Amino acid sequence: VVAKNPIGIGNQIAEHDLEITSWPEEAVPENSFRSAKAIAGRTSRINISANEPLVESKLLADGENFSSLIPQGMRAATVSIKRSDALAQILERGGTVDVLSLFTFNDTKIVTAETIVEKARVIGVHKGNVVKSGSGRSQEPEQMEVTLIVTPSEAKRIVAATSQGGIDLVVRND
C-alpha cells in the first residue's frame with residue numbers, strides 16, 4: 001500500500017488516500033501493509049510522500065494521540081493570527097515558520113516587528129469555519145489558529161508577545 005498523494009503529519013488517513021501497487025517481493029519494506037482497510041482511520045506520524053509505501057513506524061499506534069507528536073522536551077504552542085487567504089493556502093502541517101511579535105511604541109505610535117522564534121514546525125492549522133452573516137452571506141473567519149512545536153523558552157516568548165501585542169507568522173522554505 002502506498003500513498004496516492006502526499007499525506008501530512010497528523011492527518012487521518014482514508015482509503016481514498018491510498019492505492020495498492022505491485023512491488024518485487026525483495027523490495028517490499030518490512031512492516032508494510034497489503035490492505036488499505038488496515039490503514040484507514042489511522043493517523044500519520046510523519047509527512048508521507050506520494051507513492052511512498054506505508055509502514056507501521058509512519059503511523060501513530062493505537063492509543064497514541066497528537067501529544068505523542070511533540071518531541072521530548074518541546075512544547076506545542078497555539079497562536080491566533082489574522083487570517084489571510086494567501087497564508088491559509090500555503091500554511092500546512094509539517095511546514096516551518098518564524099514567529100514575529102508586533103510592538104507599538106506608545107510615544108511615537110510606530111509599529112515594529114521582531115522575530116521571537118525561528119524555524120518552528122507547524123503541527124496543526126485550524127483555518128476556522130465559514131459562518132453566515134446576518135444577510136445570509138458566507139463569511140470567512142477573521143482569525144486562524146496555528147499550533148507550533150517550540151522550546152519551553154520560545155513558548156514563554158510567544159505567550160508574552162501575545163499578551164503585549166500581536167503575533168504574526170512568516171512561512172519559511174526549510
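One can find the structure itself at the top, above this paragraph.
Since this is a predicted model, take the numbers as computed values, not measurements.

Asker: Just give me the short version of the pattern of salt bridges, but keep the residues and values in it.
Answerer: This structure, assessed with the given rule, holds 5 salt bridges. Glu25 is the salt-bridge partner of Arg34, the closest N and O atoms lying 3.5 Å from each other. Since its relative accessible area comes to 57%, Glu25 is described here as exposed. In this structure, the salt-bridge partner of Arg45 is Glu64, at a minimum N-O distance of 2.5 Å. Of this pair, Arg45 sits in the loop between β2 (18–19) and β3 (75–82) while Glu64 sits in the loop between β2 and β3, placing them 19 residues apart in sequence. Looking at Arg45, the relative accessible area reads 25%, which means it is partly exposed. By relative accessible area, Glu64 is classed as partly exposed at 30%.

Asker: Now, about the side chain of Thr96: what can you tell me, with residues and values included?
Answerer: Relative to the helices and strands, Thr96 resides in strand β4 (residues 96–104). Setting aside residues up to four positions removed in sequence, Thr96 forms contacts with Lys119, Ala120, Val170, Val171, Arg172 and Asp174.

Asker: Quick rundown of helix α2 (residues 152–164)? Include the residues and the values.
Answerer: For α2, which comprises 13 residues, the first-to-last C-alpha distance of 19 Å matches the rise-based estimate of 18 Å (1.5 Å per residue) to within 8%. Within the span of α2, buried status applies to Glu154, Ala155, Ile158 and Ala161. When α2 is viewed along its axis, its buried side chains cluster within an angular range of 130° and face the same direction. Summarising the geometry of α2, the exposed residues directed more than 90 degrees from the buried face are Lys156, Val159, Ser163 and Gln164.

Asker: How would you summarise the pairing of strand β8 (residues 143–150) if you had to cite specific residues and measurements?
Answerer: β8 sits mainly inside the fold: 6 of its 8 residues count as buried. Both β3 and β8 contribute to a ladder of 8 bridges, which runs antiparallel. Bridge pairing in β8 links Ala77 to Leu148. Bridge analysis of strand β5 (residues 111–126) against β8 gives 5 bridges, and the strand direction is antiparallel.

Asker: Could you give me a rundown of the side chain of Ser101, with the residues and numbers involved?
Answerer: Residue placement: Ser101 occurs in strand β4. Given the relative accessible area of 0%, Ser101 is considered buried. With residues up to four places along the chain from it excluded, the contact list for Ser101 reads Thr112, Ala113, Glu114, Ile116, Ala161 and Gly166.

Asker: A description of unusual backbone geometry should follow, citing residues and the corresponding values.
Answerer: Backbone geometry at Asn31 places phi at a positive 60°, although glycine is not the residue there. Within the fold, Asn31 resides in the loop between β2 and β3. Here the phi dihedral of Asn51 falls at roughly 70°; this positive angle occurs in a residue that is not glycine. Mapped onto the elements, Asn51 comes out in the loop between β2 and β3.

Asker: Talk me through the nonpolar core; I want residue IDs and the actual numbers.
Answerer: If you look at the biggest cluster of nonpolar residues, it comprises 21 residues, and the most contacted ones within it are Val146, Leu148, Ile158 and Leu169. Contributions of two or more residues to this core are made by β3, α1 (85–90), β4, β5, β8, α2 and β9 (166–172). Those residues in contact with Val146, other than ones at most four positions away along the chain, are Ala77, Thr78, Val79, Ile81, Leu91, Val122, Gly124 and Leu169.

Reading the values: the criteria
- Residues numbered from 1 in each chain as written.
- Predicted model: local features only at pLDDT ≥ 70, side-chain atom pairs only at ≥ 80, totals over all residues.
- Heavy atoms only, no water.
- Salt bridge = Lys/Arg side-chain N within 4 Å of Asp/Glu carboxyl O.
- Buried < 20%, exposed > 50% of the residue type's maximum accessible area, 1.4 Å probe, protein only.
- Helix = DSSP H or I, 4+ residues; strand = E, 2+ residues; numbered from the N terminus.
- Contact = heavy atoms within 4.5 Å.
- Expected span 1.5 Å × (residues − 1).
- Arc of directions from axis to C-beta.
- Pairing = 2+ DSSP bridges.
- Core = buried A, V, L, I, M, F, W, Y, C linked by side-chain atoms within 4.5 Å.

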